[in-house]
Structures are given as structure tokens and as C-alpha cells.
Amino acid sequence: MIALPDTDSEDELPPGWEERATDDGTVCYVNQQGKTSQWTHPRTGRSKRITGELPLGWEKYYDEQGKRFMFLNKETQQRTNVDPRLAFAVEEPTQNVAQVRQRFDSCSTALQVLHGKDLHGRTALITGANCGIGYETARSLAHHGCEIIFACRNRSSTEAAIERIAQERPAARSRCRFAALDLSSLRSVQRFVEEIKQSVSHIDYLILNAGVFALPYTKTVDGLETTFQVSHLSHFYLTLQLETLFDYKTRIIVLSSESHRFANLPVENLAVHHLSPAPEKYWSMMAYNNAKLCNVLFAQELAQRWKQRGISVFSLHPGNMVSSDLSRNYWFYRLLFAIVRPFTKSLQQAAATSIYCATANELTGLSGLYFNNCFFCEPSKLSKSAALQQQLWKLSENLIAELVEQEQH
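Residues numbered from 1 in each chain as written. Predicted model: local features only at pLDDT ≥ 70, side-chain atom pairs only at ≥ 80, totals over all residues. Heavy atoms only, no water.

Caption draft 1: Inspection of the overall build of the protein at higher detail. The number of helices and strands found in the protein is ten helices and 16 strands. Here the C-alpha radius of gyration of the protein, 23 Å, is about what a compact globule of 409 residues would show, namely 22 Å. Seen through its C-alpha atoms, the protein measures out along the principal axes to roughly 85 × 45 × 40 Å. Taken across its 409 residues, the protein has 52% of its residues classed as buried. Taking contacts inside the protein between residues at least 6 apart in sequence as the whole, the part at least 24 apart equals 72%. For the protein, the exposed surface amounts to about 19800 Å²; the carbon and sulfur share of it is 49%. Separation of charge centres in the protein, based on 43 positive and 43 negative side chains, amounts to 1 Å. (Helix = DSSP H or I, 4+ residues; strand = E, 2+ residues; numbered from the N terminus. Rg over C-alpha atoms; globule rule 2.2 N^0.38 Å. Buried < 20%, exposed > 50% of the residue type's maximum accessible area, 1.4 Å probe, protein only. Contact = heavy atoms within 4.5 Å. Areas by Shrake-Rupley, 256 points an atom, 1.4 Å probe, with all protein chains shown as cover. Lys, Arg positive; Asp, Glu negative; His and termini not counted. Charge placed at Lys NZ, Arg CZ, Asp CG, Glu CD.)

Structural data, given as C-alpha cells:
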């Protein structure tokens, strides 16, 4: 059993205070001792609002005798003048990042971040959702009512993952589906996009989770080094191809890593050979570092380009050496990950930051931030280079255009 917090300590009201909700959903705070009221929380100084329908089994009615609205739990016949949705009231979003307070940390789990949230009617597309952090992200969102598109290469392992979720929550089975996506092929990305556009009209959460680590030198069917194409270029192409399914309610989450701080891409004259090196120039760890830097650079530039559309774009570090399938390609890393496993995050904890970036109400209107442990932090100096962001964008666009044109001839 996972312990879910009833409330954050900062959210607890001081003695003598109580919450009430107005007809339009605004939360007000009443001091019974001083007979005063205010619109902001007495501890946090933030305002809150209740949204959505009443919980299942509750109804609101007007009490003629008491001359006030009451709430009735039809199952228990409990009557109260306190709106039951107050338990799930959310803070009004701020446009000022300095006013966002930290509610979760490295120990928080994805399900704790989602506590009290109803995601019915929302759609998430998650790459690499059949295992590891991607699976825990999909599982947690599905448990809270979200529709999940598992964008994966392997149908059988994905269907097995969906079955595990359905065993825990049978109603989630109908909300999860497989869609074939091989990130080592731009043609596969094209086919995937065509399929998604035929069946989906809007995506709320695009979570670019898939990646590879510690690969021996290999090339994709498009002739590029695999780590670069799978971790960056195909995700770049996928995002731009799905653009018509995004609006101001959409959040795009790009999983990077603290390893991006150790990348060695040049600030000037970035070229394809820096990103997709020849075999004799290849080192798997540096290829990973550079791909993770590309993730942050892409997220930063995309946030700037789509800022006027109100689309939020965030990049993040899920955790250090989390025990997942990422280390499967080399025995040394499998051994190393196994040794450090007792001291690293669980998969539920590693998925928490992705979930937080996708669903946290206080991040509404913000974009271009980098997160670690469910809170924003400064990415590397190199990742904040506007020149490098723009060079990578242009190079990625040109590379895709060339490869797509070759495919057509």
C-alpha cells in the first residue's frame, strides 16, 4: 500500500479557520474567532478554486428552512453545508514562476502527485510506455481516468503491460491502447501520426519518454546513429507532425537527464557528425549525454516557438540510475544499476516528475522550465544557449527533410 497524503502541511488551516466555497467555485477562508473572511489561504497566501462535478453519489439542494444550500450523500444520507469538492480544491495558477511553491520532492510517487485528480476525458500519448518509467507514468494516469495511447514498438509486451494495468483497475482496460511506433524509423513515425490523426482530435499530454542507453554502435534504417535518432530526432519529428492536435490545454513533456550537463556539443558550427558520429568517434556514454542535451535544447526552443499558442513545454530529469530496462544493452551497466538499486528512486518515484509536469495546476501558463524532483531547477549553461537551440532546430529540420525526400525517391 502506498501512503497518500491527506494534505500538505502548509495547506492545513490554523485553529479557528475553515474553508467555504462560493456559488462560482471560489474558495473563501473564514476566521470563526475574529469573525473575518478572506479570499487567500491564511498560511500560503494563495487563492483556490473548486472545479468539476460533485463526487459520485452526492447532490446539492436548497434547504428552505435553513435558507442555505446543503449537500447530501445519497448512500449514507449524510447532510452537510460543506461542499465535498473542497477536499480537492486547487490553487489558482500563477504566471510568476517565483510564486510556485514546492509541494513534492524526490520521495514523492506518481500516485501521490495525482491524489484527488480526475483525468476522465483527458488523453495522453506516451512513447516507450510498455516498461520502466513510461509504464509507471501510463499506469498512474490510467488509474485516474486518463485515456492512454501506448506509443511502442513491441505489440506483445505492450498488450501485456495493458493487461497488468487492467488487472489492477478493470475499467482502465478500455482507456488504454497500443499504437505501433518505431523511433528508429522516420517512416514509422509518419505511419503512426497518420493512424493517430484518424482516431484522436486532441492530445492533452504528449510525454516523450522513450530513449536508449549504452548501445554499441549501430545505425537506424535512416542511416543515423541510433541513440541520436531514437532519443531526439524522431521525437522532434513526431511532435511537429502532431502539431494540429495540440492547443492551449496541451502539455509536452520531454524526458532528459542530468547527464545533459556532461555533453560536449559545440556552441558554434553544430554539424550532423557531432550528433551522429562515425564509428571511430563513437562513445556510448557521450552519445547519451549529447542526446539528453538535445532533449533540453529542443524543449527550450519549442517553448519559445509555441509560446503564443499557450502550449506548455517542460523537460525533466526523472532520477539517477533508476532500475529500468534502460541499462539492458551492456552487462557492465546492468551490474552497476543492480548494485545501486537500493539507493535510487523506485519507478513510481521516477515517474512522479513527469506526472507533476503534465498535471500540476500551478504550472498553467508556464513553459520552458527544466525539472528535477518535482520542482524546477537550472539546466546546464550550454542548454540555455539560444544559438545552440536554434542550430539544433534547423539542423534537425533539414536532416528530416533530406531523409523524407530520399524515402520518396
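Anyway, onward from the coordinates.
Caption draft 2: Helix 9 (residues 347–359), seen in detail. Spanning 13 residues, helix 9 covers 18 Å between terminal C-alpha atoms, matching the ideal 18 Å at 1.5 Å per step. In helix 9, a bend of some 30° at Thr353 exceeds every other bend along the element. In terms of burial, helix 9 is largely enclosed, as twelve of its 13 residues are buried. On its buried face, helix 9 is in contact with helix 1 (110–113), helix 2 (132–143), strand 12 (205–208), strand 13 (251–255), strand 14 (312–317) and strand 15 (369–372). (Expected span 1.5 Å × (residues − 1). Bend = angle between axes of the 7 residues up to and from the residue.)

Caption draft 3: Seen up close, the domain arrangement of the protein. By domain assignment, the protein separates into domain 1 (17–91) and domain 2 (103–408). Measuring from the centre of the C-alpha atoms in domain 1 to the corresponding centre in domain 2 gives 39 Å. (Domains from an automatic or database assignment.)

Caption draft 4: Structural context of the environment of Glu75. Here Glu75 lies in the loop between strand 6 (68–73) and strand 7 (78–80). Classification of Glu75 as exposed rests on a relative accessible area of 75%. C-alpha of Glu75 to C-alpha of Leu56: the two residues are 19 residues apart in sequence and 9.7 Å apart in space.

Caption draft 5: Examining empty space enclosed by the protein more closely. Enumeration according to the criterion identifies one cavity of 30 Å³ or more in this entry. Considered as a void within the structure, the largest cavity measures approximately 30 Å³ in volume. Around the largest cavity, the lining residues are Leu186, Arg187, Gln190, Asp222, Leu403, Val404 and Glu407. Mapped onto the lining of the largest cavity, the elements with two or more residues apiece are helix 4 (186–199) and helix 10 (386–408). Here the residues of the lining of the largest cavity are counted per class, giving three nonpolar, one polar and three charged. (1 Å grid on protein atoms, 1.4 Å probe; cavity = no way out; pocket = protein on both sides within 12 Å on 5 of 7 lines; lining within 4 Å. Points joined across faces, edges and corners; volume = space filled by probe spheres on them. Nonpolar A, V, L, I, M, F, W, Y, C, P; charged D, E, K, R; others polar.)

Caption draft 6: Structural view of the environment of Ala172. The residue Ala172 is located in the loop between helix 3 (155–168) and strand 11 (176–180) in this model. Using a relative accessible area of 0% as the deciding quantity, one classes Ala172 as buried. Between the alpha carbons of Ala172 and Gly145 there is a distance of 7.1 Å; along the sequence they are 27 residues apart. Not counting the four nearest positions on each side in its chain, Ala172 is found in contact with Ala142 and Ile165.

Caption draft 7: Spotlight on the UniProt feature "domain: WW" (unreviewed entry) in the protein. The positions that UniProt labels "domain: WW" (unreviewed entry) are, in the present scheme, residues 11–44 and 52–86. For residues 11–44, helix accounts for 0% and strand for 38%, while the C-alpha atoms at its two ends are 7 Å apart. Between the end C-alpha atoms of residues 52–86 the distance is 11 Å, and the span holds 0% helix and 43% strand. (UniProt positions renumbered as here; feature names shortened; annotations may be inferred.)

Caption draft 8: Region of interest: the pattern of salt bridges. Under the counting rule described, the total for this entry stands at twelve salt bridges. Glu168 is the salt-bridge partner of Arg139, the closest N and O atoms lying 2.7 Å from each other. Of the two residues, Arg139 sits in helix 2 while Glu168 sits in helix 3, which places them 29 residues apart along the sequence. A salt bridge links Glu258 to Arg261; the shortest N-O distance between them is 2.8 Å. The structure contains a network of salt bridges with shared partners spanning Glu136, Arg139 and Glu168. (Salt bridge = Lys/Arg side-chain N within 4 Å of Asp/Glu carboxyl O.)

Caption draft 9: Looking closely at the sheet that holds strand 6. Read from one edge of the open sheet, three strands run 5-6-7, paired in antiparallel fashion. A strand with exactly one partner marks an edge of an open sheet, and here the two such strands are strand 5 (58–63) and strand 7. With direction set aside, neighbouring strand axes in the sheet form an average angle of 30°. For strand 6 and strand 7, the ladder comprises three bridges, and the chain directions are antiparallel. Looking at the pairing, Asn73 lines up with Gln78 of strand 7. (Pairing = 2+ DSSP bridges. Axes fitted to C-alpha atoms, helices over the stretch in contact; angles between N-to-C directions.)

Caption draft 10: Region of interest: helix 5 (residues 226–241). Where helix 5 bends most, at Leu233, the angle is about 35°. Two or three places before Thr227, at the start of helix 5, stands the capping residue Glu225, its side-chain oxygen 2.9 Å from that residue's backbone nitrogen. (Polar contact = N/O pair within 3.5 Å; in protein donor to acceptor, adjacent residues only side chain to side chain.)

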